[in-house]
Structure formats: structure tokens, C-alpha cells
Amino acid sequence: MPRTLPHFLLKDLGKPHPFQAKGRGGSKTPSDVLNRSGHAQALLQAIDHLPAITADGLPGVYLEVKGRPGEPLAKDSLGSSGIELLRSTTAVVNGNATETATVFATARGLENLRKKIEKFETEDTPVREKDGEIIPGRPLNAKLVQSVAAITEAGLRALWRSPQEKFPADNGAEHWEIWLEPSEAEVFISKAAAYKVQIGADRLQFPEDVVVIGLATRDQIALAVRRLGSVRALAAPAVTADFFDALDVQEQAAWVQDLLQRTTYAGGINGGYVTLLDTGVSRAHPLIAPVLSSQDRHAADPAWGLDDVKGHGTQLAGLALFGDLTLSLQSMMPVTVSHRLESAKLIPDGGPNPHHLLGVMTRRAINAVEQTVRRRTFTMAVTTDEDTPHDGAPTSWSTEIDQLAAGVSGDQSVARLILISAGNTNNFKFTAGHYLDTCDLAENEIESPAQAWNAISIGAYTEKTMLPPNNGLTSVAPFGDLSPSSRTASWTSTWPLKPDIVLEGGNWAASAAPPPMRHGWLSLLTTHHAYPQRSFSFTHDTSAATALAAKQITELWSDYPLLWPETIRALYVASARWTPQMRSHLSANPSKGSYARLFQRYGYGVPDLERARRSASNALTLIVQDAIIPYGLSEKTGGDVHKEMRLFTLPWPVEELRKLGNANVTLRVALSSFVLPNPAEASRGSRYRYASHNLRFKLNRAGENAQQFMARISKAVEPVGPQVEEEDLWEFGSTRRDVGSLHIDQLTCRASDLARRNLLAVHPVAGWWKSKKILEEGEKLARFALIVEIDTQGVEADLYAEIQTVVAVLNTAQPIII
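Residues numbered from 1 in each chain as written. Predicted model: local features only at pLDDT ≥ 70, side-chain atom pairs only at ≥ 80, totals over all residues. Heavy atoms only, no water.

**Thoughts on the sheet that holds strand β36 (residues 759-765)**
Moving on, step 1. Taken in spatial order, the 4 strands of this open sheet run β2-β32-β36-β34, and their pairing is antiparallel. Strands with a single pairing partner mark the edges of an open sheet, and in this sheet they are β2 (15-18) and β34 (694-699). Strand-to-strand twist in this sheet, taken as the mean axis angle between neighbours without regard to direction, amounts to 30°.
Moving on, step 2. Examined bridge by bridge, strand β32 (residues 644-649) and β36 share 4 bridges and lie antiparallel to one another. Among the inter-strand pairings, R646 is bridged to a residue of β36, identified as V762.
Moving on, step 3. Relative to the sheet, helix α20 (residues 706-713) contacts β2, β32, β34 and β36, its axis offset from that of β36 by approximately 20°. (Pairing = 2+ DSSP bridges. Helix = DSSP H or I, 4+ residues; strand = E, 2+ residues; numbered from the N terminus. Axes fitted to C-alpha atoms, helices over the stretch in contact; angles between N-to-C directions. Contact = heavy atoms within 4.5 Å.)

Below is the structure:
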């Protein structure tokens, strides 16, 4: 059925209820050591061989604390009382996982650790009785001390958070990304010069870190770190990846004029803008000039010129306005451009940003354009492979993207919608084997900062497979599959799987011998920066896909201008589906785990702008914007606790669903919230410590009332009646769904069962806001968006009319009228 109906925006629907998470069992404890005294003495001797902190005038000492093979390391117990946990790693040797922690210990912390070990050797906990049984005492501090195998002074590599192969190989002067304790950062910066460490002017501010760039040899930075302390981590500063060179194309100025005459530029200065953070945009091209005023071109550095010398930004501009020009030029139909352009040059004309904090440059570019208040789709096809593989963990650049999206960085405190390309593969790395095997390699993982939680990360697929006949070439990717240039996510848990979606990025042509090459027939056509010398340029890869996404999202947002950025993100990404070719990589009866590879390559698939913009009578979308207080302080204990959940009784087409009976219908739910990031090294292995808050959604089961439903997910609600135990039918499952800040899942069930499943809850799990220190400053409010889609899969029904009637009766919402 045609999608011509506006979606429903539901207001004031969520009701707060007390929430307490149900426990999942305690943490593991290490097994007993064979020789209690010998183990304690070995650790005490290791402490004796450490530098004399007080005598040597040191602020403390960096330690590497290695766990016992196959045993958990009690990191939380270690990081207290004058010892700060900086990072932890796990290595697998001979099948046994060994954890290693890097900590910074003051003299007091080291003495406290010594006392704990001494008490472990000689003292026990009291004997106690439980259920009539006498339970003997245990060695004091057993969990901590028995988990530690060795203690040594740490070297620079123990603080290194970039890939190990990026660690400087010799003692020449290098640029270092230095992560500092915020309260001590200025002291380190002021004293660093005495150790011949030159500190740059760039600064990034995070909740537990200040990041700067330093120039020094390994010996110089090592001495400064040892004598000054304050350093929480070291990394390699990133520079941007090179852009591809556009291929030449026959210039046809008449085509430009024909298209210009057929184009209506409908975007007013108060409408939506695509803001390109790139190489600048040329105003010389007549297809671009009507929507890019001279006042709307900026640069991260005021000293840079505003023209596009490299051409990449102008290529993106053409796609963001018209899409693939091949289609527009060949058509005789009228064209409407409904939005305008802004440009913020992020890349200097002379090359990449050398040894800058790229998060700082991005913030400066955004600050430059935000002197005027507008609705913007920030679009960035600039990435780096300097920190690959990062395995999805945050970098300084990706974290600043998350801060900018959440509105806690930048001159304006506003949430921002940010699109980032996934990055491109190198065609010279491809062999005669299947191209997807190469795309899936860890070395081809998504480039930073595309792993940012709050941004929309965009990869590429292709429908371009046609080549000139009889030329000995074949297209690499089949119709509807991953573009060979698109990078993938090599990680499978903890961090968000990226990309979020894929759009057209062109294909490659292969001959008898590798490597495959780009080809004009398999590329997209766009505007050239050197007009009138050239009118058009071939373009391709994830940069092109990102520009196409910017066009679609800005058009969608123009339909629903009052929606938040996080809502538009959910609405757009939730519209995506995998193509038949993508789904062909699944088995006949896929398990939840079978979808991992599809998510890593394609995200949620190809967005459907028609689905994102409109409902149909038998396929509708409900939109909720709300807020929650995830954490609070207990009135009884004063400790930090979960605060509330929000319960939604959704207006549901009960009668129409009952009429459909046993016919299958699909429910799709998306939950979106922008998190405030904390990239401290100790947080890099835990999504619960990186994100300010983490939210989850739950749906009631058929036959489960509100009380039973809430009691199933919250200890704060008294259970009433028997639990409803049945398969929840979610297709992707919690392992896939419960990562990142955008959660999407779907289920297919009988329509008569879905008629009884209209209760939806949003509740918190752990996040770094859930700490007593933070909560004593005041409870934090987190806003979120819910997108709920019901689709009868082509079966005729008038679900929309029934919901419209329910909404009118409840007087809680009205359809959005365009």
C-alpha cells in the first residue's frame, strides 16, 4: 500500500515507575594459591625492589600488575586507597587468559598495598555460622592478593593505547598524544619543557582526561612521565587518510544548463542544511551556487582559504544536493532541491592536519558554522587509519565526536546530528580470492572516528554491476552486496557494531590479474570543483555513500523539523533493511548469532527513505520523545541506585490485529539516546564505564499484564501471579541489540498475539553517571527517542485509522501534519 500518511508523534505517554535491576550473580574470585606465605613474600619482595618514591622525590610509580593465568584479576580492589587503575589488558597464552593492569601508585597507595599483602599472609576473617554450619575464616584480602602473580615497574608501553606497531621504533623525536589527569594537567604542561617535551596548543577535555600533543624522544617522554606523573595514557596522534583522485569525465556544459533549468531550489535560509566538514566547497559550479552563499563557507583555521583546492568537498556537495547526477542528467523530469549547503573546511589545502588533535579541529570547524542557529546535518567523510586496529574502542577523535553530538562540547550546547564515513579499503591489498574475505579482515576495520557511539556511521554497498561488453572485465561485487571499498567492523561485542547503514558507493572492475580497479561505469557522477574547466567528476566509496545519506536525512528532517537529532537518527536507521543478496549469506534457519556478520558488514542495511518519511494504512510508525532519570541516591543507604523506568501503554490497533488472526505481522523497535562519553583508559574495555548512561527497552509478552511485566524486569515491583514464560521472538537478540546508544530489534508473530503486546518499558543499566560522586551534584536527566513500527507484510489492513481513533480518544497525541 502507498506510504502517504504522516507518522504519529506520541506526547506525554511515558509514566515513571521505580526501578531496580535484577542481579546477574557476583564476580568471580581467584582460586587459592598453594603456598599462602610464599605467595605473599614474593609480592612483598617485588614491592621492595620498586623505586623509593619519597626518597627519590617522585609523585608515585607506574606499576604493571600481572594476574595469574586463567584467574580473574581483582582490578576494582586494586584501584583504591592511593592506587589508580589506568588500563587493563588480557592476553591468551596456551589457552589461558592472563590479565594485566597498569596502575599509578603514590607512596601511601604502595604502603596500603603492602599492608594488605601482610594481612593476607597472617590474618583471617572471623569464623561464622550459616544455617547451623560453621564456616572457617578466609585469609584477609584473599580476593585481591590471590589474583596477583607479579608486580613490576611499568615502562612506556604499559601506557600505550594505540596499536603496538605504532609505538615509536627508535629514539628520534616523535609526536605523542598524552592523556593527563585533569587536576594535574596544567602542572605537567608547565613543567614538561624542563624535560625537553614540547607541548602543543590543542586541548581536548573529557570527564577524566585532558589530551594534548607532545613532541619528544622516547627517553624524554619517559623521564617526564616518571618524574611528573599525571599521565594516564599515551597514544599515536592521528593524521587524516589521503583522499582518492577523481577520474576525468567528458565535459558537457549543456547538461549542466539543462539540469539547472529543470531544478527548483526550494530550501529557504530557515530550512535544513547539509554542513560539509571537508576540503571546502567551490561556489563556481552553477548547480551549487544557488544554495551555498559566500557567508556560509568557513574553515577550522581562519588562516586557511575557503576554496576547494582538492575537489573532494565539491564532489560531496553535488551528491548531497542531487544524488548520483547520472540519473538526474538523463532524466527530463523536474528536480527539487529542498535544502541548502554549508561548508567548514577541515583539511588544509597543503595536506593532512599534521600532529593536531583531530577532535579539536572538528570542534573548531563546527564552532565556525554555528554562529548562526540552523538545523544542520553535519557530514564528515574524513577518517584516519592511523590507530587501526582499534577494535571499536574509543579514540580521542571519536570521543570528541560523541561529545559534540551530545552537546557537551562546542560553543553551542545543542545536540547535533553527525554523519561519518566508515573509511575505504585499499584496492591494491585485494587478491584473486573472494573480495568479502578481504573486506572482513581486521586490517580493514572501520576507521576512526566512525566508531563514535552517537554518530551515524555509513558504509557502502552497490547496485552498479554493468560494464562495457567484450572488454574482459567483470564487476567485483554482485548486485546488492557490499561495495569492495567499504570497511567493516571486526569486533563482535562491547562496542557498537558499525556501520549503521550502507548506501551506494560504486563497484570495482576486475581483470585476469589483481588488483581490481575503479571504473567509470561503476562510479557515481557529481560536480567538479574546477568548473568551468570541468563540469563533472566520477566519485565513489564510503564518502559518496555518506553524502547520499546526508541528502536523505536532511529531506527527512525537513518533514519533521521538531524532532531531535537522536530521533531522526533512529527513524532513519530503523528504516534500513538488508537486500536479498545480503541475506543470502545467512543460513536457511539463522540463529541470533548468525546475524553478526551482516551487522559487521552492512549495519542494518539500506535505508528506505519512503518508509522513514511516511506510514501506510497497513504499515505505520509511532514516534516517542521522552526523558528518564536513570540513577539516584538511595534514601536508606545513601548509595547510588537505579532510579526509574518509563512505562508506555502504546495506542494499539487491537481490533484490526485480531481480525488478522494467525497472519504474521512484524514489530520493529528502535531506542536512541546520545550518551556523554568517558574515554578514560580504564573504561575502554567496558561499555558501562564509557557511556554516561545505558538504556534498554523491553516489551510485554502476550498475556502478561503491566504488574507481571514490570516485576519480570525490575526488583522494585512486587510480582503478582505466575510468570509468563515464553520465547520473546526477538530476531537479533540482546547480544546484538544491547551495545552502543542505538538499539534496534524486530519480532514476527501472529497478529492476534501482537494485539496483546502493547506495553513497552525503557529502563537503565549501569553507566558512569551511576556513581555517588556524580549523583551528589544532582540527578541527571537523559532524553531518548523510541520508534515503533508495525507492518502486516503486505496484508491489507487499516491499522492506521484505528490508531488515529485511539489517539484522538486519549488526547495524548496527534499525527504530525506536514
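**Describing the nonpolar core**
Moving on, step 1. Formed by 115 residues in total, the largest nonpolar core has its most connected members in L341 and I501.
Moving on, step 2. Sorting elements by how many residues they give to this core places helix α13 (residues 541-559) first, with 9 residues.
Moving on, step 3. The residues contacting L341, other than those within four sequence positions of it, are Y273, V274, L276, I288, V291, L292, D296, A317, A320 and L321.
Moving on, step 4. If you look at the next biggest cluster of nonpolar residues, it comprises 42 residues, including L622, L695, W730 and F784. (Core = buried A, V, L, I, M, F, W, Y, C linked by side-chain atoms within 4.5 Å. Buried < 20%, exposed > 50% of the residue type's maximum accessible area, 1.4 Å probe, protein only.)

**Quick look at the side chain of H7**
Moving on, step 1. Topologically, H7 is positioned in the segment before β1 (8-10).
Moving on, step 2. Owing to a relative accessible area of 0%, H7 belongs among the buried residues under this scheme.
Moving on, step 3. Polar side-chain contacts of H7 include one of 2.8 Å to the backbone oxygen of A612.
Moving on, step 4. Engagement of the side chain of H7 in a polar contact is seen with the side chain of S615, the distance being 2.8 Å. (Polar contact = N/O pair within 3.5 Å; in protein donor to acceptor, adjacent residues only side chain to side chain.)

**A few points about helix α7 (residues 253-262)**
Moving on, step 1. The complete set of buried residues in α7 reads V256, L259 and R262. The buried residues of α7 all sit within an arc of 130° when viewed along its axis, so they share a single face. Turned more than 90 degrees away from the buried face of α7, the exposed residues are A254 and Q261.
Moving on, step 2. Taken together, the buried residues of α7 touch β14 (263-265), α8 (312-322), α9 (325-330), β17 (335-337) and β28 (536-539). (Arc of directions from axis to C-beta.)

**Some words on the packing of aromatic side chains**
Moving on, step 1. Inspection of every chain in the model, using the stated rule, returns 20 aromatic pairs.
Moving on, step 2. Ring geometry for W453 versus Y690: centroids 5.3 Å apart, planes at 45°, classification tilted. Here W453 is found in the loop between α12 (435-439) and β21 (456-462), whereas its partner Y690 is found in helix α19 (residues 687-690), with 237 residues between them in sequence. Grouping residues by exposure puts W453 and Y690 together as buried.
Moving on, step 3. Put simply, the rings of W578, Y595, F599, Y604 and F732 pair up and form one aromatic cluster.
Moving on, step 4. Here R36 stacks its cationic end above the ring of F120, 5.7 Å away from the centre of that ring.
Moving on, step 5. Directly above the aromatic system of F599 lies the positively charged group of R736, at a separation of 4.6 Å from the ring centroid. (Phe/Tyr/Trp six-rings, centres within 6.5 Å; stacked < 30°, edge-to-face > 60°. Lys NZ or Arg CZ within 6 Å of the ring centre and 35° of its normal.)

**Observations regarding the confidence of the model for the protein**
Moving on, step 1. The pLDDT averaged across the protein works out to 91; a share of 96% of its residues lies at or above 70.
Moving on, step 2. Counted against residues more than four places away or in other chains, residues 242-251, with its pLDDT under 50, gives 31 contacts. (pLDDT = per-residue confidence, 0-100.)

**Notes on the environment of G794**
Moving on, step 1. Its location among the elements puts G794 in the loop between β37 (782-791) and α24 (799-810).
Moving on, step 2. Among the residues examined, G794 registers a relative accessible area of 59% and is labelled exposed.
Moving on, step 3. A sequence separation of 119 residues divides G794 from V675, and the C-alpha atoms of the two residues are 37 Å apart.

**Describing the sheet that holds strand β8 (residues 148-153)**
Consider a sheet: its strands pair through backbone hydrogen bonds, and that pairing is either parallel or antiparallel.
Moving on, step 1. The strand order β4-β5-β3-β8 describes an open sheet built from 4 strands, whose pairing is antiparallel. Edge strands, defined here as strands with exactly one partner in the open sheet, are β4 (83-93) and β8. Shown here is a sheet whose adjacent strand axes are inclined to one another by a mean of 20°, direction ignored.

**A look at the pattern of salt bridges**
Moving on, step 1. The final tally for this structure, using the stated rule, is 46 salt bridges.
Moving on, step 2. The salt bridge involving R601 is made with D440; its shortest N-O contact spans 2.7 Å. Here D440 lies in the loop between α12 and β21 and R601 lies in helix α16 (residues 596-602), a separation of 161 residues in the sequence. As far as burial versus exposure is concerned, R601 and D440 are alike and both buried.
Moving on, step 3. In this structure, E655 and R658 form a salt bridge, with 3.2 Å as the shortest nitrogen-oxygen distance. Residue E655 and its partner R658 are located together in helix α18 (residues 654-660), separated by 3 residues, close to a single helical turn.
Moving on, step 4. Residue class for E655 comes out partly exposed when judged on its relative accessible area of 44%.
Moving on, step 5. Beyond isolated ion pairs, a larger network of salt bridges with shared partners links E84, E181, E208, D209 and R232. (Salt bridge = Lys/Arg side-chain N within 4 Å of Asp/Glu carboxyl O.)

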